[in-house]
Amino acid sequence: MRLYGDPVLRRKAKPLLHTDLLTVPGFSPQTVRQVADTMLETMFEARGVGLAAPQIGLPVRLFVAVEYEDDEEEGTDTPLKSRVLRDYVMLNPVLRVIDKKKDRSYQEGCLSIPGIYEEGVARARAVQVSYTDLDGQPRVIEADDYLARVFQHETDHLDGVLFLDRLPAEVTEDYRKELLALQQKSKAYLSTLAQARRPGADR
């Protein structure tokens, strides 16, 4: 999982094809379907509701998300996969607002900014998302309330935007110590990754 401070989280992701082979840094090339499956498993392990490709180091326009049977209970050991109502894998999503009224009532967090949760992120109440599925077929879905928020959050990731960017600057300032620690952890990981890529490095 790439953490706050990693440059890949600030890059605008590139479009992809469902037939592409993708290389997650540190791993062998994989199909888009294999990457999506890995992303879903990573998301479940982290007890999340969505995950975008840049969060695993891939600057491509792909995200996964799920709807659960009920609200996640913090601290529970219940496997999330057992409560999935539907999962979504979206390639090249294009989001259109269909209800411009803003909602700030939900708390948001991010798997790349662990431990930080804030209310007040203004999101459209309802959106339409056009995307390509894993079979290369065009799809369109409408979502409202919490699912609409998830889709907007993940689409933001594809444009290098984090949820803290949509809050007043003083909120980020309040978490300066925590964010600095994440930046240092991210820098250490990137250094390790760079060393592993050097010729002659142990694999």
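Please read all numbers here as calculations on a predicted model, not as lab measurements. (Residues numbered from 1 in each chain as written. Predicted model: local features only at pLDDT ≥ 70, side-chain atom pairs only at ≥ 80, totals over all residues. Heavy atoms only, no water.)

## A few points about the overall build of the protein
Along the backbone of the protein there are 4 helices and 9 strands. Here the C-alpha atoms of the protein give a radius of gyration of 17 Å, agreeing with the 17 Å that 2.2 N^0.38 yields for 203 residues. When the backbone C-alpha atoms are referred to their principal axes, the protein occupies close to 55 × 45 × 35 Å. The 203 residues of the protein split such that 42% are buried. With the model as given, the accessible surface of the protein reaches about 11,400 Å², and the carbon-plus-sulfur share is 48%. Here the protein contributes 28 positive and 33 negative side-chain charges, whose respective centroids are spaced 8 Å apart. (Helix = DSSP H or I, 4+ residues; strand = E, 2+ residues; numbered from the N terminus. Rg over C-alpha atoms; globule rule 2.2 N^0.38 Å. Buried < 20%, exposed > 50% of the residue type's maximum accessible area, 1.4 Å probe, protein only. Areas by Shrake-Rupley, 256 points an atom, 1.4 Å probe, with all protein chains shown as cover. Lys, Arg positive; Asp, Glu negative; His and termini not counted. Charge placed at Lys NZ, Arg CZ, Asp CG, Glu CD.)

## Description of the UniProt feature "active site" (unreviewed entry) in the protein
Mapped onto this numbering, the UniProt entry gives "active site" (unreviewed entry) at Glu154. Along the chain, Glu154 falls in helix H2 (residues 145-158). Glu154 sits in the buried class, given a relative accessible area of 4%. (UniProt positions renumbered as here; feature names shortened; annotations may be inferred.)

## Here's the deal with helix H1 (residues 32-45)
Taking 1.5 Å of rise per residue, the 14 residues of H1 would be expected to cover 20 Å, and the 20 Å separating its terminal C-alpha atoms lies within 8% of that figure. The set of residues buried in H1 consists of Val32, Val35, Ala36, Met39, Leu40, Met43 and Phe44. On its buried face, H1 sits against strand E1 (21-22), strand E2 (30-31), strand E3 (50-52), strand E4 (62-68) and strand E5 (84-103). The first or second residue beyond H1 is Arg47, which carries a positive phi of 55°. (Expected span 1.5 Å × (residues − 1). Contact = heavy atoms within 4.5 Å.)

## Here we look at the UniProt feature "binding site: Fe cation" (unreviewed entry) in the protein
Per the UniProt record, "binding site: Fe cation" (unreviewed entry) is found at Cys110, His153 and His157. Look at the named residues: they lie 48 residues apart in sequence, but the longest C-alpha span between them is just 10.1 Å, so in the fold they bunch up. Looking at the secondary structure, you find Cys110 in the loop between strand E6 (107-108) and strand E7 (118-119). With residues near it in sequence (within four places) discarded, Cys110 still touches Gln55, Ile116, His153, His157 and Phe163. In this fold, His153 is placed in helix H2. For His153, a relative accessible area of 8% corresponds to the buried category. Beyond its immediate sequence surroundings of up to four residues, His153 is in contact with Glu108, Gly109, Cys110, Arg123 and Phe163. A polar contact is formed between the side chain of His153 and the side chain of Glu108, at a distance of 2.8 Å. (Polar contact = N/O pair within 3.5 Å; in protein donor to acceptor, adjacent residues only side chain to side chain.)

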